[in-house]
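Below, each chain spelled out in residue letters.
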Amino acid sequence: MVKVSPLVYVSAGLSLIFFLVSPFKLLQFVCLGILFVFLLSFLYSLILSRSIKIERNTEKLKLACKEHSEISFTIKNYSRLTAFVCYFFDEIPYFQIFDNGNKGITMLRPKEIKKLIYEVTSRDRGLFHAGPVRIRTSDPLGLFLIDMEVSAPLEITVRPARIKLITEVMPGLPQGNLKIKNPCYEDITMRRSIREYINGDELKRINWRASAKFGELFTNQYEDSYDAPFFVFLNLAEEDYELHTRTYHIEKAIEIAACIVEKSRVLRQRCGFAAYGTDFPYLAPHQNQQDAILDLLSVIKSIPGKVNYNPVKKFRQQLPHGTLFFVIGPHEVDNYYLKVEANKEDINTKNVGIMRKYDGNI
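The shown structure was predicted, so the numbers you read here are calculated from the model rather than taken from an experiment. (Residues numbered from 1 in each chain as written. Predicted model: local features only at pLDDT ≥ 70, side-chain atom pairs only at ≥ 80, totals over all residues. Heavy atoms only, no water.)

Observations regarding the packing of aromatic side chains
Note on aromatic pairs: each is described by the distance of the centres and the angle between the planes. Counted only if it meets this: For this analysis, a ring pair means two rings from Phe, Tyr or Trp (six-membered ring only for Trp) whose centres lie within 6.5 Å, classed as stacked if their planes differ by under 30 degrees, edge-to-face if by over 60, and tilted for the remaining angles. Note on exposure labels: buried denotes an accessible area under 20% of the residue type's maximum, exposed denotes more than 50%, and partly exposed covers the range between, all computed with a 1.4 Å probe on protein chains only. Note on geometry: a ring has a charge over it if NZ (lysine) or CZ (arginine) is within 6 Å of the ring centre and within 35 degrees of the ring normal.
Scanning all chains against the criterion turns up 15 aromatic pairs. Between the aromatic rings of Phe214 and Phe218, the centroid separation amounts to 5.7 Å while the plane-to-plane angle is 65°, which identifies the pairing as edge-to-face. Taking the relative accessible area as the measure of exposure, Phe218 reaches 12% and is therefore buried. Within the aromatic cluster, the residues linked to one another by ring pairs are Phe231, Phe233, Tyr282, Tyr309, Phe315 and Phe325. Lying across the ring of Phe315, Lys314 places its NZ or CZ 5.9 Å from the centre.

With respect to unusual backbone geometry
Worth spelling out the cut-off: The numbering of helices and of strands both runs from the N terminus, where a helix is a DSSP run of H or I of at least 4 residues and a strand a run of E of at least 2.
Geometrically, the link from Gly131 to Pro132 is a cis peptide bond, its omega value of 0° lying close to zero. Phi is positive for Lys111, which is not a glycine, with a value near 60°. With respect to the element layout, Lys111 can be found in the loop between strand E7 (103-108) and strand E8 (113-121).

Digging into the sheet that holds strand E12 (residues 154-159)
What counts is decided by this rule: Paired strands, in this sense, are two strands between which DSSP finds at least two bridges. All axes are obtained by fitting lines to C-alpha atoms, using only the stretch in contact for helices, and the reported angles, taken between N-to-C directions, cover 0 to 180 degrees. Residues are treated as being in contact if the distance between any of their heavy atoms lies within 4.5 Å.
Here 3 strands make up an open sheet; going across it, the order is E3-E12-E9 and the pairing mixed. Because the sheet does not close on itself, it has two edges, and the strands there are strand E3 (60-64) and strand E9 (126-130). Neighbour-to-neighbour, the strand axes of the sheet open up by a mean angle of 25°, direction not taken into account. Sheet topology note: the E9/E12 ladder contains 5 bridges and is antiparallel. By the bridge assignment, His129 is partnered in E12 with Glu155. Against the sheet, helix H5 (residues 290-299) engages E3, E9 and E12, with an angle of about 85° to E12.

Purely geometric stuff here, so don't read any function into it on its own.
As structure tokens, this is what we get:
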């Protein structure tokens, strides 16, 4: 959008009047020159306003609380004209912006594409939106102001902060992704190597083809592996938390849950989730749904009430045998803080009391 100052209208009107009524040729020439400059400046601004485009380099961004991340957008000048002074401003509320990188002044040369990057962080989890991006520039004389506002939406998901917590994994179902030195979880579909026969080896382990080829007995060795499905129950019932520390401890419970879910992704394990919170979400253990759970933890909130049931018993019929059941509530958060205050290095889900192994008989 091209904005015209009232002084330009007044100056153009006076120049036109003097050009029409003045008997002096020199004055008429000066007035005509002023009108010509105004016309060229207007055309310059009009071409620039139609040639400058703004694009986001991504439409969605995910980061953790207190984690630094870069946000970028691109300004493109498709014309053969130069925007000598170009002011930009990217609206991004509720974020801490380093060095005021979301606003500044730059110059756009003809056909230039400029990528602008700045760094942000957030202290609160949630779903946020950036944009619009505002651009202000003008013709070289500054007579006609170009004021553009482009929506350029960016969805920012701020996940719970990362914390110091070791997730203990106990053996679950044989023949999985987790390697372990225990022949009880031997996977006969994954042969690791062969070795020379040792007295006492079972006949079914002998590799008869290799034995016949080399004229002596060889024994098969297999990979030992297991699967450990995760299931996280998060208690966000407000009445279960003490009033004076309620908000802070609820946020810490969410951070603990996010840490465990993230660990299940690293180990490539199935993960499920349930919570006493807004909308009472429930997700049965499945592969590759950790991102969905983490997004849910970014926006979930506490609700009034009190958990008056045993979550392990409540969900036992819906979970596979060997599931690692993690319960996170006020008691577990208190235990976590005791370990932190004591400067314990080995803070894990077992000694904090979060992990409850479900064996189907509870």
